[in-house]
Amino acid sequence: MLTRDPKYRAFPQDTMFVVPPRGKASPEIDELWMQEALRAAQRALEAGEVPVGAVVVHGGKIVGRGYNRNLSDSDPTAHAEVVALREAGAAIGNHRLGDCELFATIEPCAMCAGALVHSRIRRLVYGADDPKAGAVHSVMRVLNHPGVNHHMEVRGGVLAGRCAELLQEFFRARRGR
């Protein structure tokens, strides 16, 4: 059963839901959170940014939400994942997010994967693979690298078609096709 929780309202016009935490992750719950990440990606698209979105979940609640804001913030580090991690750290009051999960619409890049390692995220769930810059498995392996001291559970491919289509639409429009 979903309930509204106004405490975790990252964007005033968005509806925020609380899902009762479960012992184990389920595909249905992963898809629910990915839909929230897709809503954030839609915000990026509306702002003229590359449509990538991310949410951080703690105890069945969204505590961080982000979308790409590189252009609007003139900030090369304002990727969706980093923005969501910053918001989650502020909401929880700690830079360590070991009890949190991050849901992103695309496989994180090296910068974002490094931020996930440093924040000690427990679990990453992402949508589409990124064959040009993915740092989970596509181009390089930053997450769960044998030389890194923090390892996390990773699940890819959640709503991958929808996540990829949003990006493809954006780049087709930019190329004028």
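Report follows, based on the coordinates.

As for the side chain of Arg65
Phase 1: Mapped onto the elements, Arg65 comes out in strand 4 (residues 61-67).
Phase 2: One polar contact links Arg65 to Glu36, side chain to side chain, over a distance of 2.8 Å.

So, the environment of Arg155
Phase 1: With respect to the helices and strands, Arg155 occurs in strand 7 (residues 153-155).
Phase 2: Look at Arg155 and you get partly exposed, because its relative accessible area is 28%.
Phase 3: As a C-alpha pair, Arg155 and Phe103 span 52 residues in sequence and 9.5 Å in three-dimensional space.
Phase 4: Filtering out sequence-adjacent residues up to four positions away, Arg155 remains in contact with Pro27, Asp30, Arg123, Leu124, Val125 and Tyr126.

Things to note about the pairing of strand 3 (residues 53-58)
Phase 1: Taking burial as the measure, the 6 residues of strand 3 include 5 buried ones, the bulk of the element.
Phase 2: With 6 bridges joining them, strand 3 and strand 4 adopt antiparallel strand pairing. Considered in strand 4, the bridge of Gly53 is made with Tyr67.
Phase 3: Of the strand pairs in this sheet, strand 3 and strand 5 (residues 100-106) are connected by 5 bridges, and their pairing is antiparallel.

A look at the packing of helix 3 (residues 80-92) against helix 4 (residues 110-119)
Phase 1: Where helix 3 contacts helix 4, the axes come no closer than 9 Å and their chain directions differ by 25°. In terms of orientation, helix 3 and helix 4 fall into the roughly parallel class. Viewed along their axes, helix 3 and helix 4 form a crossing whose handedness is left-handed. For the pair helix 3 and helix 4, contact is made by Glu81, Val82 and Leu85 and by Met111, Cys112, Ala115, Leu116 and Ser119, respectively.
Phase 2: Its residues assigned to classes, the contact of helix 3 with helix 4 shows 6 nonpolar, 1 polar and 1 charged.

Parameters and conventions
Residues numbered from 1 in each chain as written. Predicted model: local features only at pLDDT ≥ 70, side-chain atom pairs only at ≥ 80, totals over all residues. Heavy atoms only, no water. Helix = DSSP H or I, 4+ residues; strand = E, 2+ residues; numbered from the N terminus. Polar contact = N/O pair within 3.5 Å; in protein donor to acceptor, adjacent residues only side chain to side chain. Buried < 20%, exposed > 50% of the residue type's maximum accessible area, 1.4 Å probe, protein only. Contact = heavy atoms within 4.5 Å. Pairing = 2+ DSSP bridges. Axes fitted to C-alpha atoms, helices over the stretch in contact; angles between N-to-C directions. Parallel < 35°, antiparallel > 145°, perpendicular 65-115°, else oblique. Left-handed = near helix turned anticlockwise from the far one by under 90°. Nonpolar A, V, L, I, M, F, W, Y, C, P; charged D, E, K, R; others polar.

Honestly, it's all geometry; don't read function into it.
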